[in-house]
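Examination of the molecular architecture
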Amino acid sequence: MQGNIRRARPADVPFLVELSEQKRLEYEQYQPVFWRRAEDARERQEPFFESQVKSERVIAMVHEHRGVVDGFVIGVLVTAPPVYAPGGYICSIDDYMVADPDDWETIGAVLLKEVCREARRRGAVLVNVVSGHEDGTKRAMLAEAGFTIASEWHVKPIAED
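A few words on the overall build of the protein. Scanning the protein from N- to C-terminus turns up 4 helices and 5 strands. Starting at the N terminus and walking to the C terminus, you meet the elements of the protein as β-α-α-β-β-β-α-β-α. For the protein, the spread of C-alpha atoms along the principal axes amounts to about 55 × 40 × 30 Å. In the protein, which comprises 161 residues, the share counted as buried stands at 37%.

What follows concerns helix α4 (residues 136–144). Where α4 is concerned, the buried positions are Lys-138, Met-141 and Leu-142. Angularly, the buried residues of α4 cover 100 degrees about the axis, an arc narrow enough to put them on a single face. Buried residues along α4 sit in contact with α1 (13–30), β4 (89–98), α3 (104–121) and β5 (124–129). Looking one or two places after α4, you find Gly-146, whose phi comes out positive at around 95 degrees.

Interaxial distance between α3 and α4 falls to 10 Å at its minimum, and their mutual angle equals 55 degrees. If you check the angle between α3 and α4, you find them oblique. The handedness of the crossing between α3 and α4 comes out as right-handed. Taken together, the residues of α4 that come into contact with α3 (itself represented by Trp-104, Glu-105, Gly-108, Ala-109 and Leu-112) are Thr-137, Lys-138, Met-141 and Leu-142. Among the residues making up the contact of α3 with α4, the classes are represented as 5 nonpolar, 2 polar and 2 charged.

Turning our attention to the environment of Val-73. Take Val-73: it is sitting in strand β3 (residues 68–79). Once the C-alpha coordinates of Val-73 and Leu-16 are considered, the two residues, 57 residues apart in sequence, prove to be 9.2 Å apart.

Here the focus is the layout of surface pockets. One number sums up the size of the largest pocket: a volume of about 1,800 Å³. Along the wall of the largest pocket there are 48 residues; nearest its centre are Trp-35, Val-129, Val-130, Ser-131 and Trp-153.

Let us look at the sheet that holds strand β2 (residues 58–65). Strand pairing in a sheet relies on backbone hydrogen bonds. The paired strands run either parallel or antiparallel. The 5 strands are arranged β1-β2-β3-β4-β5 in an open sheet whose pairing can be described as mixed. On the outer flanks of this sheet lie β1 (4–7) and β5, each paired with one strand and no other. Strand after strand, the sheet turns through a mean of 25 degrees between neighbouring axes, direction not considered. Taken together, the 8 bridges between β2 and β3 define a ladder with antiparallel strand orientation. Bridge pairing in β3 links Ala-60 to Ile-74.

What counts and how
Residues numbered from 1 in each chain as written. Predicted model: local features only at pLDDT ≥ 70, side-chain atom pairs only at ≥ 80, totals over all residues. Heavy atoms only, no water. Helix = DSSP H or I, 4+ residues; strand = E, 2+ residues; numbered from the N terminus. Buried < 20%, exposed > 50% of the residue type's maximum accessible area, 1.4 Å probe, protein only. Arc of directions from axis to C-beta. Contact = heavy atoms within 4.5 Å. Axes fitted to C-alpha atoms, helices over the stretch in contact; angles between N-to-C directions. Parallel < 35°, antiparallel > 145°, perpendicular 65-115°, else oblique. Left-handed = near helix turned anticlockwise from the far one by under 90°. Nonpolar A, V, L, I, M, F, W, Y, C, P; charged D, E, K, R; others polar. 1 Å grid on protein atoms, 1.4 Å probe; cavity = no way out; pocket = protein on both sides within 12 Å on 5 of 7 lines; lining within 4 Å. Points joined across faces, edges and corners; volume = space filled by probe spheres on them. Pairing = 2+ DSSP bridges.

The structure is reproduced here in structure tokens:
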């Protein structure tokens, strides 16, 4: 793996949106109901990512190689519901992508390690990562990193009777 990991900046947002668009197209093939792509996804995601990159409760990091962002992770520090009481914040990771699926075990793993390190420094005791069910290379990397499945979401459109 060549390149460097750094904090995301507002100037990175177009790269983040492009990688997200690629992932949405992939996930839509796996699960066309839940992961269905909105027609205006790009237009909505750009201001959302801009706010995330600027937020103090967000850890946004990118992997950059030769001036191109080829992976990123966004971890949001949240308080767990009191019934779970893990003993600190949770770092919730939903937006987490690499340009090439073969890069999960290199770029993806290093991004995850860095966001976990920063989350721990900020008081997080647990990290949860969202992944599409059929995203095999990402799921394999998560398992290799010691993550286990905590839950699964099963979806079905509600048809009129």
